[in-house]
Amino acid sequence: MKRIQAAQQYKHRPASNRLTPAAAAAAILVLGMAATAHAQQSAEGAGATQAEPERVIVTGIRAALQQSLAVKRNAAANIEVITAEDVGKMPDKNVADSLQRLPGVNISSSAAGSGGFDENDRVSLRGTAPSLTQTTINGHAVSSGDWFVLDQVGGAVGRTTSYSLLPSEIVGQVIVRKAPTADMVEGGAAGSIDVITRRPLDFKERLTLEGSVQAVYSTLAEKTDPQFSGLVNWKNATNTFGVMLQGFSEKRSLRRDGQELLQYTQIGANSALAQARPDLANVWYPRLIGSSLFTQERHRKGGLVAAQIKPSRDLSVEATYFNSKLEASNYNRNYMTDMNGNGAIGGNVVPDSYTVRNGTLTSVSYSNKGTAAAPLRYGIVDDIVREGAYAKSEFLDLNGKWRVNDRLTLSGLIGKTRGTGATPSQGVYEGDVNNSGVSYQLNGLGSPATVKFPSIDTSVFTGTVLDWVFGYSPATTSDEETYGQIDAAFRLDNDTFKEIKFGLRGTDHERSNFAISQGPNWANTEPGTANTNPAWNGNTYPGDFGKDLGGDFPRNVWELDPAILQAWGAEHSNRSAERIYYPDMFNLTEKTKAAYVSTEMEGEGWSGNLGVRVVRTEGESNGYQILPNQLPGGNLPAFPWGGFVQQTRIENNHTEILPSLNLRFDVRSDVVARFGASRTMTRPDFGALGGTVSLTDETHTGNGGNAALKPTLSNNLDATVQWYFAPRALASVGLFYMDLHNYVGYGASTGTFIDSRASQQSGQPTFATYTITSPVNVDASVKGIELALQLPLGAGFGMDGNVTLSDSKQDFGSCPATQTMTSSDPCDMLGASKTTANVGAYFENERFNFRVGYAWRSAYLAAQDRGTPLYQDAVGQLSASLNWNITKNVVLTVSGQNLNEPILKNYVYNKDQPGRFYANGAQYYAGLRFKY
């Protein structure tokens with residue numbers, strides 16, 4: 001009973017506490033009724049002459065570039081700007097695609113746990129991790145979920161926003177703020193990105209209809225899918241009330257061919273194998289090398305509804321509701337070597353031959369076949385289907401602005417945002433590959449590892465028998481925040497200090513997750529017998545599997561039909577409430593209060609702002625620990641596989657003072673110099689604070705949380721010089737330095753935990769010593785230079801480009817988390833590329849426009865994977881778009897993403913230890929856009 005009660009707090013709240021389309025529509029309807037009445041009264045009393053003049057929106061690539069530069073040039077602080085027209089004329093499918101072209105911006109294609117894909121998903125600034133960059137929409141935080149199960153539970157749960165939920169259609173403008181001001185929402189130690197949606201009264205015409213009908217073809221999946229978007233905007237004749245409705249439905253088929261080298265492990269110095277071959281002591285080897293095939297159907301759908309009332313120039317009120325859901329059912333298959341099997345290193349068997357280079361077992365061969373009576377395991381087959389996986393993000397907010405008089409202006413914002421990620425079920429089959437022998441040869445990052453199973457036909461299903469059923473089924477994560485703020489600006493009669501601004505903000509945030517640890521249904525499952533295998537209908541991997549990867553490894557591998565696997569998993573899996581997996585569950589609450597005051601300054605040839613923000617955070621982390629013994633006098637609930645469940649509660653409160661100064665100097669009419677000094681903060685990721693420990697039983701390693709982590713503070717210096725030497729032209733150079741305190745690094749420790757796999761197999765509680773990699777606070781620093789050029793060439797041609805050079809390091813002393821590293825820098829910061837570069841070119845006339853862009857970044861530490869680092873090797877992406885104005889209102893558009901079909905490559909401690917090879921192919925889009 002106590003176990004069930006303890007889990008209740010993780011269940012979803014009643015529907016009345018959620019954001020719903022009905023609630024959003026009701027709120028906007030009320031606003032609309034009030035707006036109509038107010039507008040009529042205003043028109044009757046003051047006449048149409050009181051309406052604010054219509055705002056003209058420029059069109060065309062060159063005009064949009066000029067508009068973006070105008071905003072950038074006039075800003076007091078260092079910012080980058082993208083307008084809606086920029087987005088429309090590039091092959092941008094989400095906001096991250098657009099941002100990657102800006103100097104100092106890094107993008108990545110996953111949250112790390114799911115590996116790399118063909119769509120940009122996370123954004124970071126200046127060679128730092130995505131968690132140090134704050135993303136807001138219309139100035140407020142936005143909650144989002146992740147669709148991949150390992151990003152939904154345990155230590156992988158972060159604060160970052162999934163840009164795969166933010167289609168480019170919602171963008172009016174994107175502002176990247178590299179130098180903060182006191183009125184900005186705290187949370188971005190490296191900077192912030194504000195996505196500004198379109199507003200009803202910003203449109204030129206009273207009635208505007210926009211839309212697109214496209215098809216996308218994925219070369220690797222060899223499938224074509226439809227994509228639709230539409231917008232309707234209406235405003236009244238007096239420009240005092242408007243309503244906008246946007247919708248999108250975008251399907252895409254995804255296939256990823258890969259080789260995955262997982263769970264690098266050291267041969268123990270005291271092991272029997274090392275005693276027999278001393279040169280193998282402490283040598284690293286990949287336990288698993290798999291032929292990995294991943295397929296997915298993604299369907300992003302949702303929309304945005306906005307209503308705006310502006311009865312006079314002094315008053316404006318807006319309501320906005322946004323909802324985006326990414327349906328992401330997926331099927332992952334893997335045919336893997338198992339070097340920890342009883343016929344290989346795991347059985348302390350001396351190999352027939354081997355080579356060691358750079359502390360790594362780069363080749364090994366085992367030929368002993370074993371017998372039916374005494375089988376030797378050399379491989380594992382792993383098929384997992386996740387039907388119904390999804391991620392969702394939504395918000396509803398109401399904001400207003402009132403100019404009380406010529407001196408005082410008030411503004412306010414209230415709202416709520418919610419994000420969800422879920423994996424309703426996993427159909428899992430895992431089987432042994434026995435008596436085959438095995439060999440591998442690592443080829444660095446030049447090509448995938450060579451893998452041979454000399455005595456088995458990988459296309460024959462009977463070569464495997466059931467070993468295990470596992471996974472999280474179901475798994476969910478929920479993130480929500482209620483927020484409110486009020487701001488005031490008072491104009492001063494002073495030669496230097498022109499305006500004083502002050503405000504208050506408060507939030508109530510909660511993050512929680514829930515997981516069932518799926519296991520065998522013993523009533524109808526008999527491990528090790530072929531008669532419990534799922535039916536195989538003869539399917540194998542596609543005949544062209546791995547064609548883009550090269551190398552020599554198993555390709556003609558059997559696969560189960562996903563429907564058969566899903567049904568078989570439901571029959572043979574135990575997903576009961578008694579299997580709640582407490583170690584990967586937590587609940588976090590955060591209440592914040594912030595106040596700021598700042599002043600706008602101006603003098604002859606200069607301007608700026610000076611301010612301070614004070615932030616109070618009150619956090620509470622609730623997690624679980626599994627203890628091997630009952631506490632004295634205690635009454636702890638039992639854990640299903642042995643041990644006892646203890647709920648933990650840790651408070652974490654702190655107050656931070658965040659000053660900021662920004663100065664702008666007009667060196668001459670076409671040269672602007674800026675200087676900024678500030679202190680910023682980022683709260684630790686939710687998974688880092690969760691206090692839970694996620695274990696890998698096979699290697700006795702794990703990742704743990706640390707509920708006592710302090711927020712990361714950064715003391716920043718920023719200086720830029722910008723030369724606007726012609727219309728739509730810019731040459732700039734910038735220097736930046738970040739002195740980070742309480743940065744979240746990783747340290748290693750050991751602890752005793754229950755080995756759930758061994759416990760379930762033996763039926764008895766089994767405990768073991770695990771090496772746990774957990775987050776700790778350390779110091780770090782980042783410094784670098786940004787170079788940018790935007791150059792019109794004449795006759796409709798132009799080009800742009802930028803380079804960011806960044807040097808970062810953790811001040812980790814001897815770097816205890818990775819003190820056994822054989823090469824590379826053991827103090828690398830997460831997400832830090834030393835070089836990021838973008839180059840683009842365009843042409844435009846009245847009928848055609850064409851744009852091509854290439855984005856490249858050098859290698860960086862992408863994640864901590866199963867207690868070891870995982871680096872992403874250097875990678876570049878080529879994209880292009882062509883638009884033909886068939887008529888004034890209809891445009892034929894053709895575009896492509898990943899045209900160079902990049903191979904994503906990962907490595908572990910050094911490049912003699914490859915980690916992943918992924919091919920995603922290219923994506924081609926074609927269709928019509930219209931506007932009336």
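Note that the structure is predicted; figures quoted are calculated from it, not measured.

**A closer look at the overall build of the chain**
Counting its secondary structure elements, the chain contains nine helices and 44 strands. Of the contacts made within the chain by residues no fewer than 6 positions apart, 75% connect residues no fewer than 24 positions apart. By element, 56% of the accessible surface of the chain is carried by carbon and sulfur atoms, the whole surface being about 34,700 Å².

**Thoughts on the environment of P711**
Relative to the helices and strands, P711 is located in the loop between β31 (701-704) and β32 (712-723). Since its relative accessible area comes to 2%, P711 is described here as buried. Every residue in contact with P711, bar those within four places of it in the chain, is listed here: H654, E656, M681, T682, R683, P684, H741 and N742.

**What to know about the pattern of salt bridges**
For the structure shown, the criterion picks out 39 salt bridges. In this structure, E481 engages R505 in a salt bridge whose closest nitrogen and oxygen atoms are separated by 3.8 Å. With a gap of 24 residues between them, E481 in strand β22 (residues 472-491) and R505 in strand β23 (residues 497-517) connect regions that are remote in the sequence. Look at E481 and you get buried, because its relative accessible area is 8%. By relative accessible area, which is 10% here, R505 ends up buried.

**Quick look at the nonpolar core**
Core analysis: the biggest nonpolar cluster contains 49 residues, and Y335, M339, I345, L361, Y366 and Y440 have the highest contact counts within it. Sort the elements by how many residues they give to this core and strand β11 (residues 284-312) lands first, with four residues. Residues in contact with I345, not counting those within four places in the same chain, are I267, L273, Y285, M339, L361 and Y366. Listed in part, the 41 residues of the second largest apolar core include Y163, V195, F203 and F322.

**Examining unusual backbone geometry**
Apart from glycine, the bulk of residues carry a negative phi angle, and the bulk of peptide bonds sit in the trans form. Although it is not a glycine, Q263 adopts a positive phi angle of roughly 60°. Examined against the element boundaries, Q263 turns out to sit in strand β10 (residues 241-266). Of note, the phi angle at N898 is positive, near 55°, even though the residue is not glycine. Inspection of the secondary structure assignment puts N898 in the loop between β41 (890-897) and β42 (903-907).

**Here we look at the packing of aromatic side chains**
One pass over the structure, following the stated rule, counts 18 aromatic pairs. Taking 5.1 Å as the distance between ring centres and 50° as the angle between the ring planes, the aromatic pair formed by F117 and F294 counts as tilted. Of this pair, F117 sits in the loop between β2 (105-108) and β3 (122-125) while F294 sits in strand β11, and the two are 177 residues apart along the sequence. Residue classification places F117 among the buried positions, given a relative accessible area of 4%. Ring-pair connections join several aromatic residues into one group, and the members of that group are F117, W147, F148 and F294. When the ring centre of F294 is taken as reference, the NZ or CZ atom of R256 above it lies at 5.2 Å. A cation over a ring is seen here: K325 above Y390, with NZ or CZ 4.6 Å from the ring centre.

**Brief notes about the side chain of Q810**
Residue position: Q810 is located in strand β35 (residues 797-811). When residues no more than four places from it in sequence are discounted, the contact partners of Q810 are Y743, G745, V778, D779, A780, C827, D828 and M829.

**So, the environment of V894**
Residue placement: V894 occurs in strand β41. Counting along the chain gives 14 residues from V894 to A880, while the straight-line C-alpha distance between them is 8.5 Å.

**Quick notes on the pairing of β42**
Looking at chain direction, strand β39 (residues 868-872) and β42 are connected through two bridges and run antiparallel. Of the residues in β42, the one forming a bridge with Q872 is N906. Where β42 and strand β43 (residues 914-919) come together, five bridges link them in antiparallel fashion. The residue bridging Y907 from the neighbouring strand is P914, located in β43. Linkage of β42 to β43, two consecutive antiparallel strands, is achieved through a turn of six residues.

**Details of helix α7 (residues 562-572)**
Those residues of α7 not exposed but buried are L565, W568, G569 and H572. Each buried residue of α7 sits inside an arc of 105° when the element is viewed along its axis, so together they form one side. The backbone nitrogen of A563 lies 2.9 Å from a side-chain oxygen of the residue at the head of α7, namely D561.

**With respect to the pairing of strand β37 (residues 848-857)**
Side-chain alternation along β37 places N849, R851, G853, A855 and R857 on a buried face and F848, F850, V852, Y854 and W856 on a face that remains uncovered. Relative to β37, strand β36 (residues 835-844) is paired through nine bridges, and the arrangement is antiparallel. Note on β37: the bridge partner recorded for G840 is G853. Counting the residues in the hairpin turn of β36 and β37 gives three residues. Note: β37 against strand β40 (residues 875-885), 10 bridges, orientation antiparallel. Of the residues in β40, the one forming a bridge with N849 is N883.

**Concerning a nonpolar patch on the surface**
Where nonpolar side chains cluster on the molecular surface, the patch consists of L207, L209, V232, W234, L245, F930 and Y932 and spans about 640 Å² of accessible area. Among the secondary structure elements, those contributing two or more residues to the nonpolar patch are β8 (207-218) and β9 (223-235). Position of L207 among the secondary structure elements: in strand β8. The partly exposed category is assigned to L207, whose relative accessible area is 47%.

**Quick word on the sheet that holds strand β5 (residues 140-141)**
Taking strand neighbours across the sheet as the criterion, the five strands line up as β1-β6-β7-β4-β5 in an open arrangement whose pairing is mixed. Across the chains shown, the open sheet's two edge strands, defined by having one partner strand only, are β1 (79-83) and β5. Two strands pair when backbone bridges link them, and strand β4 (residues 133-137) and strand β7 (residues 191-197) are joined in this way by five bridges, in the parallel orientation. Directly across from T133, in β7, lies its bridge partner G191.

**Let's talk about the confidence of the model for the chain**
Detailed reading of predicted coordinates is not advised where the pLDDT is low. For the chain, per-residue confidence averages 83 on the pLDDT scale, and residues scoring 70 or more make up 85% of the total. Scored below 50 in pLDDT, residues 1-59 shows 84 contacts in the model against residues more than four places distant or in partner chains. Considering only residues more than four positions removed or in separate chains, one finds that residues 813-825, a stretch of pLDDT under 50, has 29 contacts.

What counts, and at which threshold
- Residues numbered from 1 in each chain as written.
- Predicted model: local features only at pLDDT ≥ 70, side-chain atom pairs only at ≥ 80, totals over all residues.
- Heavy atoms only, no water.
- Helix = DSSP H or I, 4+ residues; strand = E, 2+ residues; numbered from the N terminus.
- Contact = heavy atoms within 4.5 Å.
- Areas by Shrake-Rupley, 256 points an atom, 1.4 Å probe, with all protein chains shown as cover.
- Buried < 20%, exposed > 50% of the residue type's maximum accessible area, 1.4 Å probe, protein only.
- Salt bridge = Lys/Arg side-chain N within 4 Å of Asp/Glu carboxyl O.
- Core = buried A, V, L, I, M, F, W, Y, C linked by side-chain atoms within 4.5 Å.
- Phe/Tyr/Trp six-rings, centres within 6.5 Å; stacked < 30°, edge-to-face > 60°.
- Lys NZ or Arg CZ within 6 Å of the ring centre and 35° of its normal.
- Pairing = 2+ DSSP bridges.
- Arc of directions from axis to C-beta.
- Polar contact = N/O pair within 3.5 Å; in protein donor to acceptor, adjacent residues only side chain to side chain.
- Patch = residues over 30% accessible without salt bridge, like charges linked within 9 Å, V, L, I, M, F, W, Y side chains within 5 Å.
- pLDDT = per-residue confidence, 0-100.

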